[in-house]
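# Breakdown of the fold
Listed below, chain by chain, are the residues.
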Amino acid sequence: MSVFDIVGPVMIGPSSSHTAGAARIGLMARKILKDEPIRADITVYGSFAKTYKGHGTDKALVAGLLGFSADDIRLRSSFEIAKEEGMTVTLTRSEEETDHPNTVRIKMEGKTGTVMEIVGVSLGGGRIEIREINGFYVEITGEEYTLLTFHHDQPGIIAKVTTIMALGAINVSTMKVFRSAKNANAVMIICTDSPIPSDLETEICNISAIQSVIALSPL
Amino acid sequence: MNTYEYKSLAELLNLTDKYTLPLSKVVMLREMEESEKPESTVLDIMDKRIDVFYESIQTGLNDTTQSVSGLVGGDAARLAAAASVLLGDVSRRAAVYALAINEANAKMFRIVACPTAGSCGIVPAVILAVAEEKKYERQSCIQAFFTAAGIGAVIARNACVAGAVGGCQAECGTAAAMAAAAVVELCGGTPVQAVQAATLCLKNVLGLVCDPVAGLVEVPCVKRNGFFAVHALTAAEMALAGIVSVIPPDEVVSAMYEIGRAMPVSLKETSEGGLARTPTGKEIAERLEKAMREQ
């Protein structure tokens, strides 16, 4: 544990889980979209739904979607800025039970027409996890360099991806694979010690069974 | 490299003894070896945190508006403007700063969590008030924050610092313990005295629950930051006089954790008990809920 996690992080108040965490989920959502969001339909659950107003959770989520970090003072006026930049935001409070009390679902549409839906949870102390992307269960914390692949489940994919990484001298720290069913859609989440260069990202994306790749830098 | 690794307050003290170093230096050296960053970098990060602490104090004092809920705001300025009646200069300044920083937090300005956002006023208020009143240099303040961080890191590791896990004893209690140790070192006390100050501080707040009204980091959090700044100074004064806790430091940390786990969930940041469920607390929660629905 770094002492700067104790004297830190620097953030806009009032709550590390409900404000800073929410901003980080928004920012991660934007990175996953790989586009500038022009529309965001946000649904808040549990404690987020109960106390979002007083904690500025709504402002923080929008600030993140605008690309602001958790210590950016513009977080206070994120709704006004979103309006100026032509981003439409809707907010719904859900009574639905979720696994984690601080849960948010964001449906986003980007400038180039990309549509994505993510579910994020705020774990406390500003730490977050993206739990779902387009209906797929994932675990993304934003603490490491992460490569995400959406692919068709078939033998050899993992070997092909990790071979490309090995040849590029990229060290893998953790790796997880999820699939909806045998021979169906699958997701691979690979955390690495260093950033994945864009040529490697392209090479991985060109593997025949891989539909798309997202390379994420730490938050 | 794990030369300066410490897992408990006893291990931290052993390292200060083994290498004849102040607590702050051991904590800084551990941060350097763990993060693989040079001394200049870690000093610079802490230095920049102090800039934010001052920014929060100024914002808290100058902005006298209310928070979104209307529950807090303006008390730091109120205390600063009032004539001194009972408290000495250091205590008053510390209380004013702690209120200011936590009001800044409640009103969505920039702060440094220390160790959390709800308790963010205590450590900087105490260190900076003491440094200003006693004319300590910026460099000494930086070291004091490392001492505070070291104490906080041990408590976070062996117990917890989140109100949702251990109640307010874990959150504001840890902040006060961090602050007390830091100013003991700042005022020339020994590492043993600094750890004793943290211990006395924590021991005196055991059992304190987290029952925020309407789930917001406002009532009782803001005023509690002000109180705990003075509490930390009392503990530091006692430790500097040679007063020692009968129960050893790490045992007090364990006791805090055990008490935190035994605490009912209704009193751990869920706003289902205590102040949050008083008639007034419920009324406030209902009023804010209604305002949110109508929006």
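Nothing here was measured: the structure is a model prediction, and the numbers come from that model. Residue positions are given per chain, counted from 1 along the sequence in the order it is written. Chains and ligands are labelled by the order in which they are written, letters from A for the one and numbers from 1 for the other. Only residues with pLDDT of at least 70 get local features here, since the model is predicted, and only at 80 or more are side-chain atom pairs given and counted; chain-wide, interface and lining totals rely on the full set of residues. Processing note: side-chain calculations cover all non-hydrogen atoms of the structure and skip hydrogens and water entirely.

### Side note on the overall build of chain B
A tally of regular secondary structure across chain B gives 13 helices and one strand. Here a strand is any run of E in DSSP of at least two residues, a helix any run of H or I of at least four, and the numbering for each starts at the N terminus. Helices and strands in chain B line up, N terminus first, as α-α-α-α-α-β-α-α-α-α-α-α-α-α. In this setup the radius of gyration rests on C-alpha atoms only. A globule is expected at 2.2 Å times the number of residues raised to 0.38. Here the C-alpha radius of gyration of chain B, 19 Å, is about what a compact globule of 295 residues would show, namely 19 Å. Taken over the C-alpha atoms alone, chain B extends approximately 60 × 40 × 40 Å along its principal axes. Counting every position in chain B, which comprises 295 residues, the buried fraction comes to 57%. Between buried and exposed lies partly exposed: a residue is buried under 20% and exposed over 50% of the maximum accessible area for its type, with that area taken using a 1.4 Å probe on protein chains only.

### Focus: the overall build of chain A
Counting its secondary structure elements, chain A contains six helices and 11 strands. By the compact-globule yardstick of 17 Å for 219 residues, chain A fits well, its C-alpha radius of gyration being 18 Å. Taken along its principal axes, the extent of the C-alpha atoms in chain A is 50 × 40 × 35 Å. Within chain A, the proportion of its 219 residues that are buried is 51%. Working rule for contacts: check all heavy atoms of both residues, and any pair within 4.5 Å makes them a contact. The contacts in chain A between residues at least 6 apart in sequence include a share of 68% that link residues at least 24 apart. Note on areas: Shrake-Rupley with a 1.4 Å probe; residue coverage comes only from the protein chains shown. If you sum the accessible surface of chain A, you get close to 9300 Å²; carbon and sulfur atoms cover 49% of it.

### Focus on the environment of A:Ile130
Residues and elements named next belong to chain A. Structurally, Ile 130 can be placed in strand E6 (residues 127–133). The exposure class of Ile 130 is buried, given its relative accessible area of 0%. In this structure, the C-alpha to C-alpha distance between Ile 130 and Leu 216, residues 86 residues apart in sequence, is 12 Å.

### Section: the sheet that holds strand E9 (residues 172–179) of chain A
Residues and elements named next belong to chain A. Should DSSP find at least two bridges between two strands, the strands are regarded as paired. The four strands are arranged E9-E10-E8-E11 in an open sheet whose pairing can be described as antiparallel. Each having just a single partner strand, E9 and strand E11 (210–216) make up the two edges of the open sheet. Each strand axis lies, on average, 15 degrees off the axis of its neighbour in the sheet, ignoring direction. Taken together, the eight bridges between strand E8 (residues 145–152) and strand E10 (residues 185–192) define a ladder with antiparallel strand orientation. Counted as the bridge partner of Tyr 145 is Thr 192 from E10. A fitted line through C-alpha atoms serves as each axis, taken over the contacting stretch for helices, and the angle formed by two N-to-C directions is quoted from 0 to 180°. Where helix H5 (residues 157–167) meets the sheet, it contacts E8, E9, E10 and E11, and its direction lies at approximately 25 degrees from that of E10. Helix H6 (residues 198–205) rests against E8 and E11 of the sheet, and its axis sits at about 160 degrees to E11.

### Side note on the side chain of A:Asp153
Residues and elements named next belong to chain A. With respect to the helices, strands and loops of the structure, Asp 153 is situated in the loop between E8 and H5. Polar contact is the term for a pair of N or O atoms within 3.5 Å; when the atoms are in protein, one must be able to donate a hydrogen and the other to accept it, and sequence-neighboring residues count only if both atoms are side-chain atoms. Side chain to side chain, Asp 153 and Arg 179 meet in a polar contact 2.9 Å long. Of the polar contacts made by the side chain of Asp 153, one reaches the backbone nitrogen of Asn 183; its length is 3.0 Å. What Asp 153 contacts, discounting residues up to four positions off in sequence, is Arg 179, Ala 181, Lys 182, Asn 183, Ala 184 and Ala 186.

### Section: the pattern of salt bridges
We define a salt bridge as a side-chain nitrogen of Lys or Arg found within 4 Å of a carboxyl oxygen belonging to Asp or Glu. By the definition in use, this model includes 23 salt bridges over all chains. Through salt bridges with shared partners, a single network forms among A:Arg93, B:Glu289 and B:Arg293.

### Overview of the state of the cysteines
Residue and element names in this part refer to chain B. Put simply, a disulfide is two cysteine sulfurs that come within 2.5 Å. One pass over the full model with this rule turns up zero disulfides over all chains. Unpaired in this structure, Cys 114 has its nearest cysteine sulfur neighbour in Cys 120, at a distance of 8.2 Å. On the basis of relative accessibility, which here comes to 0%, the residue Cys 114 falls in the buried class. With no disulfide of its own, Cys 221 lies closest to Cys 210 among cysteine sulfurs, the gap being 6.4 Å. With relative accessibility at 14%, the residue Cys 221 sits in the buried group.

### Considerations on the interface of chain A and chain B
A common way to express how large an interface is: the accessible area buried when the components associate. With 32 residues of chain A at the interface, the matching set in chain B holds 41 residues. Once two parts are joined, some of their accessible surface, as seen by a 1.4 Å probe, is lost; buried area is that loss totalled over both. Surface buried jointly by chain A and chain B totals about 3000 Å² across both partners, of which 62% is contributed by carbon and sulfur atoms. Of all residues in chain A, A:Phe4, A:Ile6 and A:Val7 give up the largest surface area on contact with chain B, accounting jointly for 24% of the area buried on that side. Summed over the shared surface of chain A and chain B, the number is one salt bridge.

### With respect to the sheet that holds strand E2 (residues 37–45) of chain A
Residues and elements named next belong to chain A. The strand order across the open sheet formed by six strands is E3-E2-E4-E5-E6-E7, and the pairing between neighbours is mixed. The two strands at the open ends of the sheet, each matched to only one other strand, are strand E3 (88–93) and strand E7 (136–140). Strand after strand, the sheet turns through a mean of 20 degrees between neighbouring axes, direction not considered. Two strands pair when backbone bridges link them, and E6 and E7 are joined in this way by three bridges, in the antiparallel orientation. In the strand pairing of E7, Ile 130 is matched with Ile 140. With respect to the sheet, helix H1 (residues 16–33) is in contact with E2, strand E4 (102–110), strand E5 (115–124), E6 and E7, its orientation differing from that of E5 by roughly 150 degrees.

### A look at the confidence of the model for chain B
In this model, chain B carries a mean pLDDT of 97, and residues with pLDDT of at least 70 account for 100%. Reported confidence for the predicted complex is 0.97 by ipTM and 0.93 by pTM. Summary of the metric used: pLDDT quantifies the predictor's per-residue confidence within the range 0 to 100.

### Concerning the packing of H5(A) against H6(A)
Residue and element names in this part refer to chain A. Look at H5 against H6: their axes get within 10 Å of each other, and the N-to-C directions meet at 160 degrees. If you check the angle between H5 and H6, you find them roughly antiparallel. The handedness of the crossing between H5 and H6 is right-handed. When H5 is examined against H6, the residues Val 161, Ile 164 and Met 165 are found in contact with a partner set consisting of Leu 200, Glu 203 and Ile 204. We call Asp, Glu, Lys and Arg charged. Ala, Val, Leu, Ile, Met, Phe, Trp, Tyr, Cys and Pro are nonpolar, and the rest, Gly among them, are polar. Grouping the constituent residues of the contact of H5 with H6 by class yields five nonpolar, no polar and one charged. Just so you know how the angles are binned, under 35 degrees is roughly parallel, over 145 roughly antiparallel, 65 to 115 roughly perpendicular, and the rest oblique. In this scheme the handedness of a crossing depends on how the near helix is turned from the far one: anticlockwise by less than a right angle means left-handed, clockwise means right-handed.

### Digging into the UniProt feature "domain: Serine dehydratase-like alpha subunit" (unreviewed entry) in chain B
UniProt positions are given in the numbering used here, feature names are shortened, and annotations may be inferred rather than shown by experiment. Feature annotation in UniProt places "domain: Serine dehydratase-like alpha subunit" (unreviewed entry) on residues 20–276 of chain B, given in this structure's numbering. Overall, residues 20–276 of chain B shows 65% helix and 1% strand. The separation of its end C-alpha atoms is 48 Å.

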